[in-house]
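# A structural walkthrough
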Amino acid sequence: MADKRKYVIPGDVVTTGPFRPEQNVVLDGNKIVSTTIGISEIYDDSVRVIPLTGKYIPKINDLVIGKVNSHTSLSWELDINSCYVGFLPAQDVFGRDFSAHADELATKLKTGDLVAARIANFDRTRDPLVSISDRDLGKIDSGVLMEISPSKVPRLIGKKGSMIQMIEEATDAAITIGQNGWVVVSCESPEGLLKAKKAIQMVNEQAHVANLTDQVKEMLDKKGES
């Protein structure tokens, strides 16, 4: 089924029928009702609302990009573009043999460094614990940091990764997307970098547009423009 999109506010009925409520909607009898201001989407058998605004709230297993703010003898404090601060334990980086007396945290991560991490533990009563123990996580050594609204991240990724894959293939860029709205773009070609950044900004500004994929593709296909 093709997307059916409309602007909704809390309490609006998005649709009725045998649909599965996903993000920012609740089931009320046979009605699916929005819980936020945003753009509703109906696809396959699911319904969701993409919020137009909102600060990032961590969820366990989310991939985030964090910026090192400071450290103690036991952990780093990361800005994760949220009202919460992420804490990365030193043992997660140094390993089981970590010693608070012998190991200096600044030798691994300094203030201002970017890190790809996952939310390991979070319950809203305290700042989240983050981890870099999975594959492809850790310090980000190169790239340009961009910021988009966390609510637009699903649109940037696209269904089954379609949008971000299209942007990467058209620009030869490597793009890391944090669920917290921070995006790192790496590209050897200055033209490719500029075009990838432009595409990401288009998605951020026009996430509510129904034919956004076509518009981004048209921009990417233009030769000699950035």
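The structure this text deals with has already been given above.
My aim in this report is to walk through the structure given alongside it, one point at a time. (Residues numbered from 1 in each chain as written. Predicted model: local features only at pLDDT ≥ 70, side-chain atom pairs only at ≥ 80, totals over all residues. Heavy atoms only, no water.)

## Some details on the overall build of the protein
When its secondary structure is counted, the protein shows 5 helices and 16 strands. Counting only C-alpha atoms and orienting by the principal axes, one finds that the protein spans roughly 60 × 50 × 25 Å. When the 226 residues of the protein are sorted by exposure, 42% land in the buried category. Taking contacts inside the protein between residues at least 6 apart in sequence as the whole, the part at least 24 apart equals 59%. (Helix = DSSP H or I, 4+ residues; strand = E, 2+ residues; numbered from the N terminus. Buried < 20%, exposed > 50% of the residue type's maximum accessible area, 1.4 Å probe, protein only. Contact = heavy atoms within 4.5 Å.)

## What to know about helix H3 (residues 162–171)
Those residues of H3 lying buried are Met163, Ile164, Met166, Ile167 and Thr171. The buried residues of H3 occupy an angular sector of 160° when the element is viewed end-on, so they sit on one face. Buried residues belonging to H3 abut helix H2 (153–157), strand E15 (174–177), helix H4 (190–205) and helix H5 (212–221). Positive phi shows up at Asp172, right after H3, with a value of about 60°. (Arc of directions from axis to C-beta.)

## With respect to the side chain of Ser46
Within the secondary structure layout, Ser46 lies in strand E7 (residues 46–51). Residue classification places Ser46 among the buried residues on the basis of a relative accessible area of 2%. Among the polar contacts made by the side chain of Ser46, one reaches the side chain of Glu22 at a distance of 3.4 Å. Of the polar contacts made by the side chain of Ser46, one reaches the side chain of Asp45; its length is 3.3 Å. Contact partners of Ser46, with chain neighbours within four places excluded, come to Phe19, Arg20, Glu22 and Glu41. (Polar contact = N/O pair within 3.5 Å; in protein donor to acceptor, adjacent residues only side chain to side chain.)

## Re unusual backbone geometry
Of note in this structure, Asn61 is not a glycine but carries a positive phi near 80°. Note on placement: Asn61 falls in the loop between E7 and strand E8 (63–71). With relative accessibility at 55%, the residue Asn61 sits in the exposed group.

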